[in-house]
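Report on the structure
Each chain, letter by letter, is given below.
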Amino acid sequence: MSFFRPNIDSLQGYVAGQQPQQGKWIKLNTNENPYPPSPAVMQAIGGITGERLTRYPDPVATAFRQQAASVLGVPPSWILCGNGSDDILTVVTRALVAEGGRLRAPYPSYLLYETLAGIQGAQIATVPYERDWSLSDAFVSDCEKVQLAVLANPNSPSGTILSRARIVELAEKLPCPLLVDEAYADFSDENCIRLVAENERIMVSRSLSKSYALAGMRFGFLVAQESIIERLLCVKDSYNCDTLSIAGATAAIADQAWRSENCKKIVATRSRMTEALGDLGFDIPPSQANFLWCTHPTVPLRPIYERLREERILVRYMEYADWGDGLRISVGSDEQVDACLMMLRMMV
Ligand SMILES: *Cc1c(COP(=O)(O)O)cnc(C)c1O
C-alpha cells in the first residue's frame, strides 16, 4: 500500500538533461549560456556580509523588483520573484489549477508543465503544434475545466515563436489566464511584456538561467498585473529567494549592456550554426532561442547523440510520442560549436 495521493504515485517526475558533475564535457544539452555572467554579479554576491546571512532575506526581493521594473517599464508591484522560473510556474499552477482541473499546453513543449499538472491531480490537455510550429485554434477549443494555459515562447524544443499578435488572439479566446513562458525571449526579436498591461489575463515569466548565464544561481520572475501578483504572493514560499541570489540577480538585470552584448554573440553563433547544420542536411525550424531543433530526413538521430556523447559532447536527444525525435543542440561558444560540427561532419 502507498501513503501517497494516487496522482503522486502515478507521477512522471520531470527528467532533466544530464548534468555531469565531473570531467570535461562540451555541454550543449540544457541551453545554458556558454559565457560567464556579468562581473557585477560576483561583485554583488561577494559584497554580502556574514551578518546579512544571519537574517532572513527580503521576502519579495524589493531591490530586484525595482531594478527589473525600470528595465521592463512596469511597476515593481507587477513583479513576482522566484527560485528560478520553474518556481514561478509551480506557484502559478498551484494557485490556479485545481484537482480534477485541466492545464492547456501545446505539444511538444516544456515537459515540466505536465508534471506540475500531475502534482495538482489535474490533467494536462495538450494541443499539437502544426508541422510548421504554428498553433491552430484547437488551442482555445474544448476548454472545459481548463484553468490555466501555458505557452513557451520561444518554444522548446523547436526554438520557434508565435507572433505577439497571435498570442493576443489566443489569449482573448481562452476562458482562463495565459502564462507566456519567456525563458528564451531575450534571444528573440519579439516578446509579450507589453501585453500584460493590455490584458489582465496575460502573465509573462522570465528566467535568469539562460540569457543572464545564471542557471546555477536559480532566479526567475513573473510579470502580471498587481491584483494577480498580490494573490500569488500568498501562495509562494515565504522566503523563496535567498539573499545571495537576490543580490546577484539585481546586479545582473541592472547590467543591460552585458546582456545585449552576450545576446549578440549567441545570435551570431546561432546563424552560423544553423547554416552549417543545414549544409549537413539537417532540417531546422527558424530559431529565436539559444538552441536549434535538428531533424534529418535520412540519418537516424539517436546514434548521433550516442556517438557525440562518447566524444564528451552532450546534446539533447528528444523523442516525442506521435511526433518523432530530434536533437536539440544549445548554441555554445564558437569553439564548442566548431567541435560539435567537426564531429557531425564525420557522422552524417
Ligand atoms: C529553462 C526553462 C525554464 C526554467 O528556467 P529556470 O529559471 O532555470 O527555472 C522554464 N521554461 C522553459 C521553457 C525553459 O526552457
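Since the model is a prediction, treat every value here as computed from it, not as a measurement. (Residues numbered from 1 in each chain as written. Predicted model: local features only at pLDDT ≥ 70, side-chain atom pairs only at ≥ 80, totals over all residues. Heavy atoms only, no water.)

Brief notes about the overall build of the protein
Put simply, the test is: The numbering of helices and of strands both runs from the N terminus, where a helix is a DSSP run of H or I of at least 4 residues and a strand a run of E of at least 2. Two things to know: the radius of gyration comes from C-alpha atoms, and the globule rule equals 2.2 Å times the number of residues to the power 0.38. Relative accessibility thresholds used throughout: buried, under 20% of the residue-type maximum; exposed, over 50%; partly exposed, between the two (1.4 Å probe, protein chains only). Charge assignment: positive for Lys and Arg, negative for Asp and Glu; neither His nor the chain ends contribute. Taken as the charge centre is NZ of Lys, CZ of Arg, CG of Asp or CD of Glu, depending on the residue.
If you tally the helices and strands in the protein, you get 13 helices and 11 strands. For 348 residues, the compact-globule formula gives about 20 Å, and the C-alpha radius of gyration of the protein, at 20 Å, lands near that figure. A burial count over the protein gives 51% of its 348 residues as buried. Put simply, the protein has 33 plus and 40 minus side-chain charges, and the middle of one group is 3 Å from the middle of the other.

Quick word on the pairing of strand E10 (residues 313-320)
The condition is simple: Strand pairing requires that DSSP identify at least two bridges connecting the strands.
The element E10 is largely enclosed, with a buried count of seven among its eight residues. Relative to E10, strand E1 (residues 26-28) is paired through three bridges, and the arrangement is parallel. Bridging from a neighbouring strand, Ile 26 pairs with Ile 313 of E10. Bridge count for E10 against strand E11 (residues 324-330) is five bridges, and the pairing is antiparallel. What sits directly across from Tyr 317, in E11, is Leu 327.

Section: unusual backbone geometry
Looking along the chain, the bond that leaves Tyr 107 and enters Pro 108 is cis, with omega of -5°. The residue after Asn 153, namely Pro 154, is reached through a cis peptide bond having omega -5°. With respect to the helices and strands, the residue Pro 154 is situated in the loop between strand E5 (146-152) and helix H7 (164-173). With a phi close to 65°, Lys 145 is a non-glycine residue in the positive phi region. By the secondary structure assignment, Lys 145 is in the loop between strand E4 (123-128) and E5.

Here's the deal with the environment of Trp 293
If you trace the backbone, Trp 293 turns up in strand E9 (residues 291-294). In this structure Trp 293 comes out as buried when scored by relative accessible area, which is 3%. C-alpha of Trp 293 to C-alpha of Leu 327: the two residues are 34 residues apart in sequence and 5.9 Å apart in space.

Overview of helix H13 (residues 334-347)
Residues separated by three or four positions in an α-helix point in the same direction, a consequence of the helix having 3.6 residues per turn. To keep things clear, this is the line we draw: The span expected for a helix works out to 1.5 Å for each residue beyond the first. To be clear, the arc concerns the directions from the helix axis to the C-beta atoms. What makes two residues a contact is simply this: any of their non-hydrogen atoms within 4.5 Å.
End to end, H13 covers 20 Å across 14 residues, agreeing with the expected 20 Å (1.5 Å per residue, within 8%). Turning to H13, its buried residues number three or more, namely Val 337, Cys 340, Leu 341, Met 343 and Leu 344. Along the axis of H13, the buried positions cluster into a sector of 165°, meaning they face one direction only. Of the residues in H13, the exposed ones pointing more than 90 degrees away from the buried face are Glu 335 and Met 346. Tucked inside the fold, the buried residues of H13 contact E1, helix H11 (256-279), helix H12 (302-310), E10 and E11.

Focus on the side chain of Ser 330
We count it as follows: In protein, a polar contact requires one atom able to donate a hydrogen and another able to accept it; more generally it is a pair of N or O atoms within 3.5 Å, and residues adjacent in sequence count only if both atoms are side-chain atoms.
Inspection of the secondary structure assignment puts Ser 330 in strand E11. In this structure Ser 330 comes out as buried when scored by relative accessible area, which is 1%. Polar side-chain contacts of Ser 330 include one of 2.7 Å to the side chain of Asn 31. Those residues within four positions of Ser 330 in sequence are excluded, and the remaining contacts are Leu 28, Asn 29, Thr 30, Asn 31, Met 273, Asn 290 and Phe 291.

Notes on the pairing of E5
Basically, it comes down to this: Note on handedness: a crossover is taken as right-handed if, strands pointing away from the viewer, the path from the first strand over the helix to the second is clockwise.
Most of E5 is tucked away: six of the seven residues are buried. Two elements, strand E3 (residues 102-107) and E5, share three bridges in a ladder whose sense is parallel. For Arg 102, the partnering residue across the bridge sits in E5 and is Val 146. Here E5 pairs with strand E6 (residues 178-181) via four bridges, running parallel. Considered in E6, the bridge of Ala 149 is made with Leu 178. The handedness of the E5 to E6 crossover, carried by H7, is right-handed.

Topic: the site of the ligand
Convention followed: Here a residue counts as near a molecule or strand whenever at least one of its heavy atoms sits within 4 Å of it. Areas reported here follow the Shrake-Rupley algorithm with a probe of radius 1.4 Å; residue values treat only the protein chains shown as occluding. Think of it as three bins: nonpolar holds Ala, Val, Leu, Ile, Met, Phe, Trp, Tyr, Cys and Pro, charged holds Asp, Glu, Lys and Arg, and polar takes everything else, Gly as well.
Taken together, Gly 84, Ser 85, Asp 86, Tyr 110, Asp 181, Ala 183, Tyr 184, Ser 207, Ser 209, Lys 210 and Arg 218 are the residues near the ligand. One of the backbone nitrogen or oxygen atoms of Ser 85 is found 2.6 Å away from an oxygen atom of the ligand. Contact distances for the ligand include 2.9 Å between an oxygen atom and a backbone N or O atom of Asp 86. When the free accessible area of the ligand is taken as 390 Å², the share hidden by the protein chains comes to 93%. Partitioning the shell around the ligand into residue classes produces three nonpolar, four polar and four charged.

Brief notes about the nonpolar core
Rules: Only buried Ala, Val, Leu, Ile, Met, Phe, Trp, Tyr and Cys residues count toward a nonpolar core, and they belong to the same one when joined by side-chain atoms within 4.5 Å.
Judged by nonpolar contacts, the single largest core of 49 residues is most densely connected at Phe 64, Phe 139, Leu 151, Leu 178, Leu 208 and Phe 219. The element contributing the most residues to this core is helix H10 (residues 243-254), with four residues. If we ignore the near neighbours within four places in the chain, the residues touching Leu 208 are Phe 64, Ala 213, Leu 214, Ala 215, Phe 219, Gly 220, Phe 221, Ala 249 and Ala 252. Grouped together as the second largest cluster of nonpolar side chains are 32 residues, Met 273, Leu 277, Ile 313 and Leu 327 included.

Read these as layout, nothing more, since geometry by itself doesn't imply function.
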